[in-house]
Amino acid sequence: MIIALITGALAGWMAGNLMDSDGSLLRNIILGLLGGIVGRFILKAVGIYSYGFIGDIIVAVIGACLLIYLARKLDN
């Protein structure tokens, strides 16, 4: 559980920096955790799987970036 929160926070923070989005620690954790779910689902659908801590972070960052992008599109 604690590892998932750390991974989520790290992935959310990285996605926020990549997408130039500001947010609190709680927002980054939520974004990273949801990004992990979205990223894993999308990459699994195309046959790409992640292994290990680094792979999980990369997948979560991809998913979180996608969520930030979609939120910006829906906001406009």
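Note that the structure is a prediction, hence the values are computed from the model and not measured.

Let's talk about the UniProt feature "transmembrane region" (unreviewed entry) in the chain
Step number 1: When the UniProt feature table is mapped to this numbering, "transmembrane region" (unreviewed entry) covers residues 25-43 and 49-71.
Step number 2: Note that residues 25-43 is 100% helix and 0% strand, and that its end C-alpha atoms are spaced 26 Å apart.

As for the environment of A9
Step number 1: For A9, the position within the fold is in helix α1 (residues 2-18).
Step number 2: Residues A9 and A60 lie 51 residues apart in sequence; the distance between their C-alpha atoms is 10.0 Å.
Step number 3: Apart from residues lying up to four places away in sequence, A9 is in contact with L25, N28 and I29.

Structural notes on unusual backbone geometry
Step number 1: In this model, D20 sits at a positive phi of 55 degrees, which is unusual for a non-glycine residue.
Step number 2: Along the chain, D20 turns up in the loop between α1 and α2 (25-45).
Step number 3: Residue D20 is classed as exposed on the basis of its relative accessible area of 68%.

Conventions we followed
Residues numbered from 1 in each chain as written. Predicted model: local features only at pLDDT ≥ 70, side-chain atom pairs only at ≥ 80, totals over all residues. Heavy atoms only, no water. UniProt positions renumbered as here; feature names shortened; annotations may be inferred. Helix = DSSP H or I, 4+ residues; strand = E, 2+ residues; numbered from the N terminus. Contact = heavy atoms within 4.5 Å. Buried < 20%, exposed > 50% of the residue type's maximum accessible area, 1.4 Å probe, protein only.

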